[in-house]
Amino acid sequence: MIFNRLFCNRGILFQNFRQHGWIGILYLLTLLFSLPLYIGTEYREVPQQITSLFQANGEVQILFAITFPVAAGIFLFRYVQSGAPSDLFHSLPLRRKHLLTVNLVTGFIMILLPIWITTAITGWVWAAVDQPAFIFGGSSIWMWGLSMSIYSLFMFMLTVVVGMCIGQSVLQGLTVYALLLLPVVVWFIFSLHLQHYLLGYPYDDVGRNAEKISLVLRMASISGAPVIGWELIIYSILTLFFIPLSYVFYAKRQVESATQAVTFTLVKPIFRFGLMFTLVLIGGAYFTIIAPRGSSGWGVFGYILGGVVGYIVAEMIIRKTWLIWSSKLLPRFALYGIVAGLILYVPVASWNGYAARVPELNKVNSIKLGGERYTYTNGVSLKLDDGPFYSSDSEYMKAVVALHQKIVDSDLSLLDDPINPGIRNDEYVFINYKLDNGKVMKRKYYIPEAEFRQELMTLKQTQDYKKVAYDTYKLEEDALSIGIRSSISQYRKVYISNPEQVREFKELLSQDIMDQTYEEQRSPWQSFANAEINQDSSFENPSQPKEMSYFEIKPSYDRVLGWLKENKYYEQLDFPAEEVASAQFVKQEINSPGNPQFVYPQSEYVDGNVGNKQVATKNKKIISDLLKRQRSAYQTEKDTLYQIKLNVTRGENIYMMLKEEDLTEEMKAILAGQ
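Residues numbered from 1 in each chain as written. Predicted model: local features only at pLDDT ≥ 70, side-chain atom pairs only at ≥ 80, totals over all residues. Heavy atoms only, no water.

(A) View of the overall build of the protein chain. What the protein chain contains, in helices and strands, is 25 helices and 17 strands. Principal-axis analysis of the C-alpha atoms places the extent of the protein chain at approximately 100 × 70 × 60 Å. Relative to its 674 residues, the protein chain shows a buried fraction of 47%. A sequence separation of at least 24 residues applies to 76% of the contacts in the protein chain between residues at least 6 apart. Carbon and sulfur atoms make up 60% of the accessible area of the protein chain, which amounts to about 33,600 Å² in all. For the protein chain, the distance from the average position of its 62 positive side-chain charges to the average position of its 62 negative side-chain charges is 12 Å. (Helix = DSSP H or I, 4+ residues; strand = E, 2+ residues; numbered from the N terminus. Buried < 20%, exposed > 50% of the residue type's maximum accessible area, 1.4 Å probe, protein only. Contact = heavy atoms within 4.5 Å. Areas by Shrake-Rupley, 256 points an atom, 1.4 Å probe, with all protein chains shown as cover. Lys, Arg positive; Asp, Glu negative; His and termini not counted. Charge placed at Lys NZ, Arg CZ, Asp CG, Glu CD.)

Set out below in structure tokens:
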């Protein structure tokens, strides 16, 4: 009886539904449109096998899950943010815990009931549709209902807790989304700071992990990355933690704090420093990006400017006025500035030893070069087991440690452009040490190849390097067939399904890859063809797609090319000069210091170019030379190129490019007058 009258007061409960019930109704309608109606009306000639219902319009479903619960949290507790309603509700013969309980119950019903109704209707559609566009199991339906319930309750409780600390409804909503994005923003920008000032910092992990710590960013990847158990457990724990926390905050909140930006005195310095430090990072990152190359002063100026602006804006929000001057303003700003400076300086200081640390060889268990690898299978991105990519070969590990030591000892300025990594330096080195103590030490560098050629040559000629860099372990596995496509024309291709020929091809390709010299690995020329190795699926479900691996067939692979000729496949892949009527050359000058450009064969540069002179030739010797080698795309600040178009007698024309230094004497002769 007491429970019904106090903790779940029926009068307030009914009033809540009469006043705010539209939120639950809209939530139900949008969920019905986004899931059961979508999967029931979608038509696909070949049904798609899915393991999660979020693979069917999942982005829209998550969008609703992060908006309607926030709206429910704001509207149900709007009375604590307004002066008159706050006085009215707190004058009722109910304690604050009674008011909070009845409003939480209202919110839970408005959120969970639409999700559970949608789950039930989806189950009915799943059983009733004869020709579904999506094939999934019953467990996927229950998993969707559970996931949406947890996500929605997390957003609702986060909004309630924030509302207890904020005195304005608009600021409450903004703060909820700011809290969800702030860790990612701070992490990302702080990583830019580390990347710019800390030699060897491995920043590759930021992008993929960012989606794991923000439900707002999770919306973009929910279709391609499955919902996993630990994710739901963390959101469930946070939701359960927010419930008692909301009671504590509400009990301590003063009625007079309504309409104030921040309600608790203890929260004000956290809010002030949090906003200030965020703008410090943003200001530093922005001015670092726009700074002229080699200038470090711009970044420092950005940090200071961001700190000043952030501190002033935080004070204005807290005091709700632009007249913020007081005797405490400057001393407090100096204190916050010192703390922010220490947070920025300590991780990149040379005395902490991070940049100079190279593990001793006898303390390294194994080494992997390169970052994490992912495979995209059946619409889902999965991280590959990196165990096969680690090597404990002594020659390989010795070469890696020697290269790392040379990098650390080098006097070269190796800190790269954080926005355009790899522009100035052309070798990418990402080292993962698995140490004897079980820890993994990571370092990442972009280095100029010319300065480290000897160390790179020693490393890249080791067998273990080639095995991992070129995935030759995939050639040791069983294969069903091999498809080979010419690099010049996609219409010239062959298909090999004879088991004996498949075995021979894989063996020869593996030998050619393992026998590559350092110069052949760095060859700027495009491959002769590309091979697609089709393997049997490793999944138990027979409807899962086959696995495929891709390999280049470089012009230096003599064994494979000889085998293709011997088995009459080479002629089917080789593009004959007789089918090319003429070749057109257009000169392209790249001259943009500080603004590197990615150059590649551009059809529009030849077909749409009316300003530069074009030179055409029907010389079969030149055409034959062009078909034998084409330069791969690359980045440059200053270069002279020739965009080339081969006019084919039948089929699509061919576009390619050469550097000026690649031209043969015959080509130079016809271009001399250009």
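(B) Expanded view of the packing of helix α7 (residues 96-128) against helix α8 (residues 138-165). Contact geometry for α7 and α8: axes closest at 10 Å, N-to-C directions at 160 degrees. Relative to α8, the element α7 is oriented roughly antiparallel. Remark: the crossing between α7 and α8 carries right-handed chirality. Of the residues assigned to the contact of α7 with α8, the class counts are 17 nonpolar, 10 polar and no charged. (Axes fitted to C-alpha atoms, helices over the stretch in contact; angles between N-to-C directions. Parallel < 35°, antiparallel > 145°, perpendicular 65-115°, else oblique. Left-handed = near helix turned anticlockwise from the far one by under 90°. Nonpolar A, V, L, I, M, F, W, Y, C, P; charged D, E, K, R; others polar.)

(C) Broad picture of a nonpolar patch on the surface. Where nonpolar side chains cluster on the molecular surface, the patch consists of Trp22, Ile25, Leu26, Leu29, Phe33, Leu37 and Phe75 and spans about 670 Å² of accessible area. No other element matches helix α2 (residues 10-34), which puts five residues into the nonpolar patch. Residue placement: Phe33 occurs in helix α2. (Patch = residues over 30% accessible without salt bridge, like charges linked within 9 Å, V, L, I, M, F, W, Y side chains within 5 Å. Salt bridge = Lys/Arg side-chain N within 4 Å of Asp/Glu carboxyl O.)

(D) Expanded view of the sheet that holds strand β17 (residues 654-659). The strand order across the open sheet built from four strands is β14-β12-β16-β17, with neighbouring strands paired in antiparallel fashion. Whereas interior strands pair on both sides, the edge strands pair on one side only; in this sheet they are β14 (614-617) and β17. Strand-to-strand, the axes of this sheet are offset by a mean angle of 25 degrees, without reference to chain direction. For strand β12 (residues 580-591) and strand β16 (residues 638-648), the ladder comprises 11 bridges, and the chain directions are antiparallel. Paired with Ser582 across the two strands is Asn647, which belongs to β16. Strands β12, β14, β16 and β17 of the sheet are contacted by helix α24 (residues 620-628), whose axis makes an angle of about 60 degrees with β12. (Pairing = 2+ DSSP bridges.)

(E) Layout of the pattern of salt bridges. The full count for this structure, using the stated rule, is 23 salt bridges. In this structure, Arg332 and Glu315 form a salt bridge, with 3.1 Å as the shortest nitrogen-oxygen distance. In this pair, Arg332 sits in helix α15 (residues 329-345) while Glu315 sits in helix α14 (residues 297-319), placing the two residues 17 residues apart along the sequence. The class for Glu315 is buried, based on a relative accessible area of 0%. The shortest N-O distance in the salt bridge between Glu661 and Lys659 comes to 4.0 Å. According to the relative accessible area criterion, Glu661 is exposed, its value standing at 60%. Beyond isolated ion pairs, a larger network of salt bridges with shared partners links Glu427, Glu449, Arg453, Lys460 and Arg522.

(F) Examining the sheet that holds strand β6 (residues 427-435) more closely. With antiparallel pairing, the three strands of this open sheet are ordered in space as β3-β6-β7. Whereas interior strands pair on both sides, the edge strands pair on one side only; in this sheet they are β3 (364-369) and β7 (440-447). The average undirected angle you get between the axes of adjacent strands in this sheet is 20 degrees. Sheet topology note: the β3/β6 ladder contains five bridges and is antiparallel. Bridge pairing in β6 links Lys368 to Asn432. Sheet strands touched by helix α16 (residues 394-409): β3, β6 and β7. Its angle to β3, the strand with the most contacts, is close to 75 degrees.

(G) Up close: the packing of α8 against helix α9 (residues 169-197). Running from N to C, α8 and α9 point in directions that differ by 120 degrees, and their axes come no closer than 9 Å. Here α8 is positioned oblique relative to α9, judged by the angle of their axes. With respect to the hand of their crossing, α8 and α9 are arranged in right-handed fashion. Every residue of α9 that contacts α8 at Phe154, Met155, Leu158, Thr159, Val162 and Gly163 is listed here: Gln172, Thr175, Val176, Tyr177, Leu179 and Leu180. The class makeup of the residues in the contact of α8 with α9 is eight nonpolar, four polar and no charged.

(H) View of the nonpolar core. Counting residues in hydrophobic clusters, the biggest one holds 65 residues, and the most contacted among them are Tyr27, Phe77, Met148, Tyr151 and Phe156. Sort the elements by how many residues they give to this core and α8 lands first, with 14 residues. Ignoring sequence-local partners within four residues, the contact set of Phe77 consists of Leu100, Asn103, Leu104, Phe156, Val160 and Met164. Grouped together as the second largest cluster of nonpolar side chains are 25 residues, Tyr396, Val400, Tyr445 and Leu459 included. (Core = buried A, V, L, I, M, F, W, Y, C linked by side-chain atoms within 4.5 Å.)

(I) Fine view of the packing of aromatic side chains. The full count for this structure, using the stated rule, is 28 aromatic pairs. Aromatic side chains Phe273 and Phe277 sit 5.7 Å apart centroid to centroid with 10 degrees between the ring planes, which places their arrangement in the stacked category. Within this pair, Phe273 and its partner Phe277 are both found in helix α13 (residues 267-290), separated by four residues, close to a single helical turn. Chaining the aromatic ring pairs together yields one cluster made of Phe54, Tyr151, Phe154, Tyr235, Phe241 and Phe242. Over the ring of Tyr390 we find Lys434; its NZ or CZ atom is 4.1 Å from the centre of that ring. Directly above the ring of Tyr570 sits Lys565, whose terminal nitrogen or CZ lies 4.8 Å from the centroid. (Phe/Tyr/Trp six-rings, centres within 6.5 Å; stacked < 30°, edge-to-face > 60°. Lys NZ or Arg CZ within 6 Å of the ring centre and 35° of its normal.)

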